[in-house]
Amino acid sequence: QVQLVESGGGLVQPGGSLRLSCAASGSGFSFYIMGWYRQAPGNQRELVATISSGLITNYADSVKGRFTISRDNAKNTVYLQMNSLKPEDTAVYYCNGRRIVYNNNYWGQGTQVTVSS
């Protein structure tokens, strides 16, 4: 069993930056595909970015060039650096960990990001 705990959300002005962190407990973190998803009120949860065990990254078109996902396997932590934030980035951001071979799929509790002046 893996538990994911997000931190780093908050209120930021348009154009500002935030860094989200997701700390994982349990074993096998380095084998997991880690990702960030977000859900705005009235919308479905959507992919923001993923990073594989081999450090291959994937981004939603809406965040390319502004957000960067990274991981530190020694700390069992995945990060999302968010720059040039826009009001439309406002959402609850969720951390996800998947290990397909074992059909494992875990979610964190979410952290609120609000971009507003």
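Parameters at a glance
- Residues numbered from 1 in each chain as written.
- Predicted model: local features only at pLDDT ≥ 70, side-chain atom pairs only at ≥ 80, totals over all residues.
- Heavy atoms only, no water.
- Salt bridge = Lys/Arg side-chain N within 4 Å of Asp/Glu carboxyl O.
- Buried < 20%, exposed > 50% of the residue type's maximum accessible area, 1.4 Å probe, protein only.
- Pairing = 2+ DSSP bridges.
- Helix = DSSP H or I, 4+ residues; strand = E, 2+ residues; numbered from the N terminus.
- Axes fitted to C-alpha atoms, helices over the stretch in contact; angles between N-to-C directions.
- Phe/Tyr/Trp six-rings, centres within 6.5 Å; stacked < 30°, edge-to-face > 60°.
- Lys NZ or Arg CZ within 6 Å of the ring centre and 35° of its normal.
- Core = buried A, V, L, I, M, F, W, Y, C linked by side-chain atoms within 4.5 Å.

1. Considering the pattern of salt bridges
Where charged atoms of side chains with opposite charge meet at close range, the side chains can pair.
Now for step 1: In total, this model carries four salt bridges according to the counting rule given.
Now for step 2: In this structure, E46 engages R38 in a salt bridge whose closest nitrogen and oxygen atoms are separated by 2.7 Å.
Now for step 3: On the accessibility criterion, R38 (6% relative accessible area) is buried.
Now for step 4: A salt bridge links K64 to D61; its shortest N-O distance comes to 3.1 Å.
Now for step 5: The network of salt bridges with common partners includes R38, E46, R66 and D89.

2. Quick word on the sheet that holds strand β7 (residues 67-72)
Now for step 1: Reading across from one edge, β1-β3-β8-β7 is the order of the four strands in this open sheet, with antiparallel pairing throughout. Each edge of the open sheet carries a strand with a single partner, namely β1 (3-7) and β7. The average undirected angle you get between the axes of adjacent strands in this sheet is 15°.
Now for step 2: In terms of strand pairing, β7 meets strand β8 (residues 77-82) through six bridges, oriented antiparallel. Following the sheet pairing, I69 is matched in β8 by L80.

3. Notes on the packing of aromatic side chains
Now for step 1: For the coordinates displayed, the defined rule picks out two aromatic pairs.
Now for step 2: Above the ring of W107, the side-chain terminus of R45 is found at 4.6 Å from the ring centroid.
Now for step 3: Here R71 stacks its cationic end above the ring of F29, 4.8 Å away from the centre of that ring.

4. Comments concerning the nonpolar core
Now for step 1: Residues W36, V78, L80, M82 and Y93 are the most contacted members of the largest nonpolar core, which totals 29 residues.
Now for step 2: Contributions of two or more residues to this core are made by β3 (18-25), β4 (33-39), β5 (46-51), β7, β8, β9 (91-99) and β11 (111-115).
Now for step 3: The leading source of residues in this core is β3, at four residues.

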